[in-house]
Amino acid sequence: MTEITAKQEDLIVRPSAGLSLRGKIRVPGDKSISHRALMLGAIASGETEIAGLLLGEDPRSTASCFRALGADISELNEELVRVRGLGVGGLMEPAAVLDAGNSGTTLRLMLGILASQPGMFFTVTGDKSLRSRPMSRVVKPLQQMGAQIWGRKDASLAPLAILGQKLQPIHYRSPIASAQVKSCILLAGLMASGKTTVTEPTLSRDHSERMLKAFGAEIEVNPDTHSVTVTPSELRGQKVVVPGDISSAAFWLVAGAIVPDADLTVENVGINPTRTGILEVLQQMDADIEILDQHSVAGEPVASLRVRYSQLKATTISGDIIPRLIDEIPILAVAAAFAKGTTVVKDAAELRVKESDRLQVMAAQLNRMGAKVTELPDGLEIVGGTPLQGAEVDSYDDHRCAMSLAIAALRASDTTTIRRAAAAAISYPNFTPTLERICQ
Ligand code: S3P
C-alpha cells in the first residue's frame, strides 16, 4: 500500500512497489481567473456571481483586501459567491493595512486599482516571501502615469503606501511578458484620463482582457504586436464560471506520465491558449495525453485531459513558450528527471522571483533525491533517467515546489518527507486527499 501521510506542515510519501494511479480528478478553480473575478466584481456596479471560485489562500487574500475596501463579498464557497460591487472609483478608504499574504497577483493587480482612486490613502503589505518580491515592475509604470507610491528602496518592495491620483494614460512597453504587470496597468487605465496601452515582448495570459471585455470595458487587442488598449470604462457585474486550473492539473498530468500503468482523467480544465504550454511540451516529450470534450464556458475554453503512462524523452523549453507555462516549470523539471536524455530550460530567470527562487529550490531538492539537475542563470539542465531515492526535501513554503516534490516522490524508492508541504493550500487545498485517492 502506498502511504500518504500529512504530519503538521509536512507530507510523507511512501510508494508501494506496485503503485499505479487511476481515476477521475476535478481540479479546483483557476487561480488567475478567481482573483480577477473577485476584483472586477468589487469594482463593477451591481452584482457579480462567481461559480467555481478557488478556495485557496491566495484568492482568500484578494477577498479580504476587497472587503476591507468596501465590497460586499459573500462567504467564499465553490458553488456561488456573490459580490456586490462599488463601481469603478467607488472603493472606500480602509482603516487598516491591506495584506496580500503570499499572493503576488493580489498585490500587483490591486496596486493598479488603488493608485487610480483620487485622494485616497492606502497601505499594502504581504508575507515574508511577497515582501521580498520585486514591485518596481508595476510601481515604475504607475509612477509614469502620475501615481504616488512610497516604500523602501525606491518603492521597489512592500510594504508600500499609495496616495491615489487621477492618472494620465500611457503606452507602456513592458520589458517582461508578465500578466500581472499588464493587468495592473490595464486596471489603472480604467480610471485614467484617456486610452492606456500595454505592449509586451511576448503574449502572457490574457484572462484580464477577456474578463474586462465581459464586464463591459472597452478593450482592443492587437495580437500581432502583443498590445492591449483600454478606454476608461464603467464595469457591470457579471456571472463568472471559473474553469479548473491547468496549473493544478499539471501535477496529475506529470504524475500520470511518469508512474507506470497510470491512467488519469482530469476534468473541467481551462485550456486557454495562453496557458497550454505545458500540454505542448509534454506532448513533445512523448507523453500520452488526450484532449477530450472541448467546449467553452463563460468565454474560456475547457476540456478533460486523459493521461496514460509512457516513456518520456528530453526536450528544450525556451523562448516564447515560457510565459505560457511559467508556473509549470517546477513540475516539468520532475517530468524531465524521468525522461531519456538531457532537458534544458532557458529564458526562465523570472522563476527566481516567484514565491521562492524556483530554479534554486527545484535543483537542490531534486538533487537530494538523486536527480542530476544543474542550475543555469536563467533555467535548468536536467539529465533524466537516474533513479530517485526517498529523501527529506523542503518546499521553502512554495506551493508549486511542494506539490512537484510530492509527485517526484511517487517514483522514488523508500520514503520522502516534504517539509512545509502545507503550502499547497495556497493554490490547491485538496491536493493531499486527491493524491491519496488516486494512488492504488
Ligand atoms: C499570474 C501571472 C504570472 C503567474 C502567476 C499568476 C496572473 O505571474 O506566474 O502565478 O494571475 O496574472 P507574472 O505576471 O509575474 O509572470
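Note that this is a predicted model, so its numbers are computed, not measured.

Parameters at a glance
- Residues numbered from 1 in each chain as written.
- Predicted model: local features only at pLDDT ≥ 70, side-chain atom pairs only at ≥ 80, totals over all residues.
- Heavy atoms only, no water.
- Pairing = 2+ DSSP bridges.
- Helix = DSSP H or I, 4+ residues; strand = E, 2+ residues; numbered from the N terminus.
- Axes fitted to C-alpha atoms, helices over the stretch in contact; angles between N-to-C directions.
- Contact = heavy atoms within 4.5 Å.
- 1 Å grid on protein atoms, 1.4 Å probe; cavity = no way out; pocket = protein on both sides within 12 Å on 5 of 7 lines; lining within 4 Å.
- Points joined across faces, edges and corners; volume = space filled by probe spheres on them.
- Nonpolar A, V, L, I, M, F, W, Y, C, P; charged D, E, K, R; others polar.
- Domains from an automatic or database assignment.
- Buried area = accessible area lost by both parts, 1.4 Å probe.
- Parallel < 35°, antiparallel > 145°, perpendicular 65-115°, else oblique.
- Left-handed = near helix turned anticlockwise from the far one by under 90°.
- Polar contact = N/O pair within 3.5 Å; in protein donor to acceptor, adjacent residues only side chain to side chain.

Overview of the sheet that holds strand β18 (residues 300-308)
Paired through backbone hydrogen bonds, the strands of a sheet run either parallel or antiparallel to each other.
Line of reasoning, step 1. Pairing is mixed across the open sheet formed by four strands, whose spatial order is β3-β16-β18-β17. If you trace the sheet from one side to the other, it starts and ends with β3 (22-26) and β17 (288-297), each paired once. Ignoring which end each strand starts from, the neighbouring axes of this sheet average 15° apart.
Line of reasoning, step 2. Each of β17 and β18 is contacted by helix α10 (residues 277-284), which is oriented at about 160° to β17, the strand it contacts most.

Quick notes on empty space enclosed by the protein
Line of reasoning, step 1. Taken as a whole and assessed by the stated rule, the structure comprises three cavities of 30 Å³ or more.
Line of reasoning, step 2. What lines the largest cavity is R36, M39, L40, L109, S183, L186, L187, S208 and L212.
Line of reasoning, step 3. The set of elements that each furnish at least two residues to the lining of the largest cavity consists of α1 (31-43), α7 (179-189) and α8 (207-214).
Line of reasoning, step 4. Partitioning the lining of the largest cavity into residue classes produces six nonpolar, two polar and one charged.

Some remarks on the domain arrangement of the protein
Line of reasoning, step 1. Assigned domains within the protein: domain 1 (3-27 + 244-262 + 274-286 + 311-438) and domain 2 (31-241).
Line of reasoning, step 2. Between the C-alpha centres of domain 1 and domain 2 there is a distance of 30 Å.
Line of reasoning, step 3. With 18 residues of domain 1 at the interface, the matching set in domain 2 holds 21 residues.
Line of reasoning, step 4. Of the roughly 1,700 Å² buried between domain 1 and domain 2, counting both surfaces, carbon and sulfur atoms make up 48%.

A short note on the packing of helix α11 (residues 329-337) against helix α12 (residues 358-368)
Each pair of packed helices can be described by the angle between their axes along with the distance between the axes.
Line of reasoning, step 1. At a closest axis distance of 10 Å, the pairing of α11 and α12 adopts a crossing angle of 30°. When the interaxial angle is binned, α11 and α12 end up roughly parallel. For the crossing formed where α11 meets α12, the hand is right-handed. In this structure, α11 uses P330, A333 and V334 to contact α12, whose residues at the interface are R358, M362 and L366.
Line of reasoning, step 2. Its residues placed into classes, the contact of α11 with α12 shows five nonpolar, no polar and one charged.

Some words on the side chain of T276
Line of reasoning, step 1. Here T276 shows up in the loop between β16 (263-270) and α10.
Line of reasoning, step 2. Engagement of the side chain of T276 in a polar contact is seen with the backbone oxygen of P273, the distance being 3.3 Å.
Line of reasoning, step 3. Side chain to side chain, T276 and R324 meet in a polar contact 3.4 Å long.
Line of reasoning, step 4. Setting aside chain neighbours within four positions, we find T276 in contact with I246, I271 and R324.

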